[in-house]
Amino acid sequence: MKAAVVKALGEPLVIEERPDPVPGPGQVRIRVEACGLCHTDIHAARGDWPVRPVPPFVPGHEGVGIIEELGDGVTHLSVGRRVAVPWLGWACGRCEHCLSGWETLCEKQINTGYGVDGGYAEKMLAHADFAQPVPDGIDPRDAAPLTCAGVTTYKALKVAEVGPADLVAVSGVGGLGHLAVQYAKIAGATVAAIDVSDEKLRLAADLGADILIDARKEDPAEVLQRYGGAHAALALAVNEESFATALAGLRRGGKLVMVALPAEGTVEVPVFSTVLGGKSVIGSIVGTRQDLAELFQLHAAGRTRVVYETRPLSSVNECIDEVLEGRVEARIVFET
Ligand code: NAD
Ligand code: ZN
Ligand code: ZN
C-alpha cells in the first residue's frame, strides 16, 4: 500500500510503498477512501508543538474508509462497514477523565496520525472501539472533514454553552471555521465571522454568518463591541494575535474558547477586565465519540454542508503549501 510519510520534521513528506498493516487484537484494518488535511497535520509534520511526534510517521486524523479485516476479539463491527478514525485513536476508559465523559483529556490517549500512523495512506489500522461508524448515506468525502474539523467545533460550541440569543464570533473560517459557523447557526446564535480573505468571508456569508469582519481592514474587537460584545468567541485562526483580539471582543460574562494551536502561541490575559468582566478563557480539544456520533446524525439529516476539494495523496506537499498560503476554500480531502 502507498502512504505519505513524514521522514524528518520540517521536511517534505515522502510517498512510500509499505506492506499492508496487520490488525492486532481489538483493531481493524481499513481501506481508506478519503482523508482530510487538517492544519494539525502541518503542525505535526513540522514539529511545531512542545510534544513532538517521532518520525517516521503517517499523518492524518480525518481518515474514512471500509473495514477489510478484523483483529481478534472485535465483535461489534464487521467487514464492509464504513468507519471514521479521529484524532482520539484510543483512550483508557478507566481514568477520571474517561469515566466522567471527558475521554478527550485522557492522559493515556493515543492520537491518530501523531502517536500512531494515520489516514494519509491506502490502508490504516484503528482501535475498533474508537472507529466511528459512519451512517449510511454520508459521502466519505463529507465524513472526513467532519471527523476532526466537525467534531472539534461542535464540541467548542458545547463548551461555550451557546444559546439562541447569543452573539458568537468565529475567528478563522478555514476547515474548522466553515463548520463552526454552521453549528453556531444550528444553535440559533447570531454569528460574526472573522477572517483575512475575501473568499473565506464570502463562504462564511453563504453558510449563514450574519456579520462579516475582515481583520485586515478593521479591528474585530471594535466591531464586536459595537454589537455589545460576543457571548462566545472561538479562536480558530493559526495566528497568535487573533486570540487576544477575540478576547477583547467579548462582552461581560463572555467565553473565549481557544482551539487553534499556533506554534509557541501565548495570549496575554489582562487581569482587571477579565476579573471585573467575569470572562472565561477555555481550552478545547477535539470532541468525544458521542459528539462525533451526534454531528454525523446532523449531517445525515441534511443540516450541514461540508465544503471540500479532492486531491490525490501524491500531491500532499503542494496541498500543504496551498493551506499555508490560504488558497483552499475550506478543506482538502485526499482520495486514496
Ligand atoms: P485552516 O488553515 O483551514 O484555517 C485557518 C483560517 O484562519 C483560514 O481561513 C485563515 O484565512 C484564517 N486566518 C488566518 N489569520 C487570521 C486572522 N488574523 N484572523 C482571522 N482569521 C485568520 O486551519 P484549520 O484546519 O481550520 O485548523 C485551525 C487550527 O486549529 C490549527 O492550528 C489546528 O492545528 C487547530 N486544531 C485544533 C483542534 C483542537 O482540538 N483544539 C482540532 C483541529 C485543529
Ligand atoms: Zn484535526
Ligand atoms: Zn483515560
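The rules behind each value
- Residues numbered from 1 in each chain as written.
- Chains lettered and ligands numbered in written order.
- Predicted model: local features only at pLDDT ≥ 70, side-chain atom pairs only at ≥ 80, totals over all residues.
- Heavy atoms only, no water.
- Helix = DSSP H or I, 4+ residues; strand = E, 2+ residues; numbered from the N terminus.
- Buried < 20%, exposed > 50% of the residue type's maximum accessible area, 1.4 Å probe, protein only.
- Domains from an automatic or database assignment.
- Contact = heavy atoms within 4.5 Å.
- Buried area = accessible area lost by both parts, 1.4 Å probe.
- Polar contact = N/O pair within 3.5 Å; in protein donor to acceptor, adjacent residues only side chain to side chain.
- Nonpolar A, V, L, I, M, F, W, Y, C, P; charged D, E, K, R; others polar.
- Donors = N, O, S within 2.8 Å, 3.2 Å for Na, K, Ca; no water.
- Tetrahedral: all angles 85-135°; square planar, octahedral: opposite > 155°, others 65-115°.
- Axes fitted to C-alpha atoms, helices over the stretch in contact; angles between N-to-C directions.
- Parallel < 35°, antiparallel > 145°, perpendicular 65-115°, else oblique.
- Left-handed = near helix turned anticlockwise from the far one by under 90°.
- Expected span 1.5 Å × (residues − 1).

A. Molecular detail of the side chain of S315. Relative to the helices and strands, S315 is located in the loop between β16 (308-312) and α10 (316-324). Since its relative accessible area comes to 14%, S315 is described here as buried.

B. Here's a closer look at the domain arrangement of the chain. Per the domain assignment, the segments making up the chain are domain 1 (2-133 + 306-335) and domain 2 (151-283). On a C-alpha basis, the centroid separation for the pair domain 1 and domain 2 is 27 Å. Counting residues at the interface gives 12 residues for domain 1, matched by 15 residues for domain 2. Each partner contributes to the roughly 1,100 Å² buried at the junction of domain 1 and domain 2, and carbon and sulfur atoms together form 65% of this total. Between the two partners, domain 1 and domain 2, sit five residue pairs in polar contact (both at pLDDT 80 or more). Among the residues forming the side of domain 1 that touches domain 2, the class breakdown is six nonpolar, three polar and three charged.

C. Fine view of the coordination of the zinc ion (ligand 3). In the first shell of the zinc ion (ligand 3), the protein supplies C92 (SG), C95 (SG), C98 (SG) and C106 (SG), at 2.3 to 2.4 Å from the metal. One can describe the site at the zinc ion (ligand 3) as tetrahedral: its four donor atoms subtend angles covering 105 to 117° at the metal. Of note, the donors binding the zinc ion (ligand 3) are all from one chain and are spaced C-x2-C-x2-C-x7-C. Given the relative accessible area of 14%, C98 is considered buried.

D. Quick peek at the packing of helix α3 (residues 140-159) against helix α4 (residues 175-186). At a closest axis distance of 8 Å, the pairing of α3 and α4 adopts a crossing angle of 50°. Here α3 is positioned oblique relative to α4, judged by the angle of their axes. Here α3 runs over α4; the crossing is right-handed. Taking contact as the criterion, the partners of P145, L146, A149, G150, T152, T153, Y154 and L157 in α3 are, on α4, G175, L176, L179, A180, Y183 and A184. Looking at the contact of α3 with α4, its residues break down into 10 nonpolar, four polar and no charged.

E. View of α3. Helix length check: α3 (20 residues) gives 27 Å between terminal C-alpha atoms against 28 Å at 1.5 Å per residue, within 8%. With 18 of 20 residues buried, α3 is to be regarded as a mostly interior element. At the N-terminal end of α3, a side-chain oxygen is found 2.7 Å from the backbone nitrogen of R141, two or three residues along, and the residue is D139. Just past α3, the residue E161 takes up positive phi, approximately 50°.

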